[in-house]
Amino acid sequence: MDLVEAAPEQTHRLRSEVLAWASPAIRIDDGAEHLALVDGAAVIGAVSHVTWPCPDEPGVPARYFWAMAVDCAYQRRGCGRRLLAAVADRARTQGEHVMWADARESAVGFYLACGARVAGDPYVDEGTGLSVRHVVFRLDG
């Protein structure tokens, strides 16, 4: 499997299947980067990320990531951890000390196992209608 920069539209099918999105649209922020894990021609993992302040760590340089998805056939093989590590590497390169996401309740356990902490109260994401929590990773210690 190779980790590559990807155009967002290359990840639509995977994200629609794994994240149960009704449409292939994903949020694209100015300066956002999109990474994909590919196996041959197939996109089997994806994550998007951008420099963005973390509400739970005010004043600390931070990177926000979203819409992380791994094909069900490839889950529990380290793909999600590999995507997180790639985002963390890019954050460190930019001098950021935190990375964070709005995590679906069903994914919170995965992020905790990867070293995140949960911050704030759960809330309903306006775009998806799902209950989400902030997960926050400190990158400097």
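Draft legend 1. Quick peek at the sheet that holds strand S2 (residues 33–39). Pairing in this open sheet of seven strands is mixed, and the strands run S1-S2-S3-S4-S5-S7-S6 from one edge to the other. The outermost strands of the open sheet, each flanked by one partner alone, are strand S1 (2–5) and strand S6 (117–124). Here the average twist between neighbouring strands, direction ignored, is 25 degrees. Sheet topology note: the S6/strand S7 (residues 131–138) ladder contains five bridges and is antiparallel.

Draft legend 2. Just the nonpolar core, in detail. Membership of the largest hydrophobic core comes to 26 residues, with the highest contact counts inside it found for Val47, Phe65, Leu84, Met99, Tyr111 and Phe137. For this core, the secondary-structure elements that each account for two or more residues are S2, strand S3 (42–51), strand S4 (62–70), helix H2 (79–93), strand S5 (98–104), helix H3 (105–113) and S7. At seven residues, the largest contribution of residues to this core is made by H2. Apart from the residues lying within four places of it in its own chain, the contact partners of Phe65 are Val47, Ser48, His49, Leu84, Val87, Met99, Trp100, Ala101, Tyr111 and Phe137.

Rules used throughout
- Residues numbered from 1 in each chain as written.
- Predicted model: local features only at pLDDT ≥ 70, side-chain atom pairs only at ≥ 80, totals over all residues.
- Heavy atoms only, no water.
- Pairing = 2+ DSSP bridges.
- Helix = DSSP H or I, 4+ residues; strand = E, 2+ residues; numbered from the N terminus.
- Axes fitted to C-alpha atoms, helices over the stretch in contact; angles between N-to-C directions.
- Core = buried A, V, L, I, M, F, W, Y, C linked by side-chain atoms within 4.5 Å.
- Buried < 20%, exposed > 50% of the residue type's maximum accessible area, 1.4 Å probe, protein only.
- Contact = heavy atoms within 4.5 Å.

Fair warning: the whole summary comes from geometry, so function is off the table for now.
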